[in-house]
Amino acid sequence: MTVEPFVAHRSLLFTVAYEMLGSAADAEDVLQETWLRWADVDRSQVHEPRAYLVRAVTRQALNRIRTLSRRREDYVGEWLPEPLLTHPDVADDVELSESVSIAMLTVLETLGPTERAVFVLREVFDVPYDEVAEAVGKTPAAVRQIARRARNHIAARQSRVSVSRSEHNAVVARFVTALHTGRIQDLMEIMAPDVVFIADGGGLAGAALVPIHGAGLVATMLAGTDRAAFETTAVWLNGALAIRIESDSGQAAVSLVVENGCITRIYATSNPEKLTRLDKPADLTR
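Here's a quick rundown of the structure. (Residues numbered from 1 in each chain as written. Predicted model: local features only at pLDDT ≥ 70, side-chain atom pairs only at ≥ 80, totals over all residues. Heavy atoms only, no water.)

Regarding the overall build of the protein
Counting its regular elements, the protein contains 12 helices and six strands. Computed over the C-alpha atoms, the radius of gyration of the protein is 20 Å, within 12% of the 19 Å expected from 2.2 N^0.38 for a compact globule of 286 residues. When the accessible surface of the protein is summed, it comes to about 13600 Å², and 50% of that surface belongs to carbon and sulfur atoms. (Helix = DSSP H or I, 4+ residues; strand = E, 2+ residues; numbered from the N terminus. Rg over C-alpha atoms; globule rule 2.2 N^0.38 Å. Areas by Shrake-Rupley, 256 points an atom, 1.4 Å probe, with all protein chains shown as cover.)

Take a look at the structure:
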């Protein structure tokens, strides 16, 4: 049995599934289900293996989304995507790094399943409309309308400011320094007045159950951390420089959104079930 097409496109298939689900563990399950179906396919009838496999993984991901939606209704506190350790060169592909960022994956959660699939396939992976239509069970005309709605929805909720890698990295470094000094004023100076702090402990680790709004409140909360009890490491998460925090109580992955030299959003994941992939870089590709 020839397995080369699946193996050759595995990184692509994982990236598609991960962007649709926001969970590497669920994406791996979807790939396993897709492989089992691929193993039974008559290869002589598959003229474009890549397109066939992308459609197959999309269908499996849509099925998984329906299961996840019920599970997330009972989730304790805020739900954030599972952070992934990535190679620094992922940032070289601007579109890929933006599409897998924690900020984008969080926004994608606000789309319906079909809208999310259409947006991911069309806007991120440039899949032709007719192939997207076949994957989601819609007509090409309907897919065009869904894609337009999804683009407008995403545009209204994501940053319109483009930040260079050097600027982002400089702000991350300043944030780490301010975090270690513990001075409220230093923290406030690096954050936008309307900054939002979102934490995900999943009920398994200490975390704010609701978003914290405003530089004053966020800085006060961060300044209250015992500075002698944690260590920070700069890591590449989801295509951007981020922070890994380790303490006696566990660890956290912290991603920042930067606009005009200031932090506008802080995403902190401390749910241990979502921090199992911080030691080996994930292979993400378009």
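Regarding the pattern of salt bridges
Counted by the stated rule, this structure contains 19 salt bridges. For the salt bridge of Glu134 with Arg55, the shortest nitrogen-to-oxygen distance reads 3.6 Å. Of this pair, Glu134 sits in helix H8 (residues 129–136) while Arg55 sits in helix H4 (residues 49–72), and the two are 79 residues apart along the sequence. Take Arg55: its relative accessible area is 14%, and that puts it in the buried class. We note a salt bridge from Arg244 to Asp279, for which the minimum N-O separation is 3.2 Å. Of this pair, Arg244 sits in strand E4 (residues 240–247) while Asp279 is found in the segment after strand E6 (262–269), placing the two residues 35 residues apart along the sequence. Exposure remark for Arg244: the relative accessible area of 14% places this residue in the buried category. (Salt bridge = Lys/Arg side-chain N within 4 Å of Asp/Glu carboxyl O. Buried < 20%, exposed > 50% of the residue type's maximum accessible area, 1.4 Å probe, protein only.)

Remarks on the packing of H4 against H8
At their nearest, the axes of H4 and H8 sit 8 Å apart, and the two run at 40° to each other. Taken together, H4 and H8 sit at an angle that is classed as oblique. In this structure, the crossing between H4 and H8 has a hand that is right-handed. Residue-level contacts link Ala51, Arg55, Thr58, Arg59 and Leu62 of H4 to Glu131, Glu134, Ala135 and Val136 of H8. (Axes fitted to C-alpha atoms, helices over the stretch in contact; angles between N-to-C directions. Parallel < 35°, antiparallel > 145°, perpendicular 65-115°, else oblique. Left-handed = near helix turned anticlockwise from the far one by under 90°. Contact = heavy atoms within 4.5 Å.)

A look at the packing of aromatic side chains
Overall, the coordinates contain three aromatic pairs when judged by the stated rule. Summarising the aromatic geometry, the rings of Phe14 and Tyr18 are spaced 6.1 Å apart at their centres and angled 5° between planes, so their arrangement reads as stacked. Here Phe14 pairs with Tyr18, and both are found in helix H2 (residues 10–21), just four residues apart, close to one helical turn. Tyr18 carries the same exposure label as Phe14, and that label is buried. Aromatic side chains Trp38 and Tyr52 sit 5.7 Å apart centroid to centroid with 50° between the ring planes, which places their arrangement in the tilted category. Of this pair, Trp38 sits in helix H3 (residues 24–39) while Tyr52 sits in helix H4, and the two are 14 residues apart along the sequence. Given the relative accessible area of 2%, Trp38 is considered buried. (Phe/Tyr/Trp six-rings, centres within 6.5 Å; stacked < 30°, edge-to-face > 60°.)

Section: unusual backbone geometry
Positive phi, close to 50°, is recorded for Asn238, a residue that is not glycine. Topologically, Asn238 is positioned in the loop between strand E3 (230–237) and E4. Classification of Asn238 as buried rests on a relative accessible area of 1%. With a phi angle near 50°, Asn260 is a residue other than glycine that sits in the positive phi range.

Considerations on the environment of Pro272
Along the polypeptide, Pro272 turns up in the segment after E6. Along the chain, Pro272 and Arg55 lie 217 residues apart, while their C-alpha atoms are 32 Å from each other. Every residue in contact with Pro272, bar those within four places of it in the chain, is listed here: Leu204 and Ala205.

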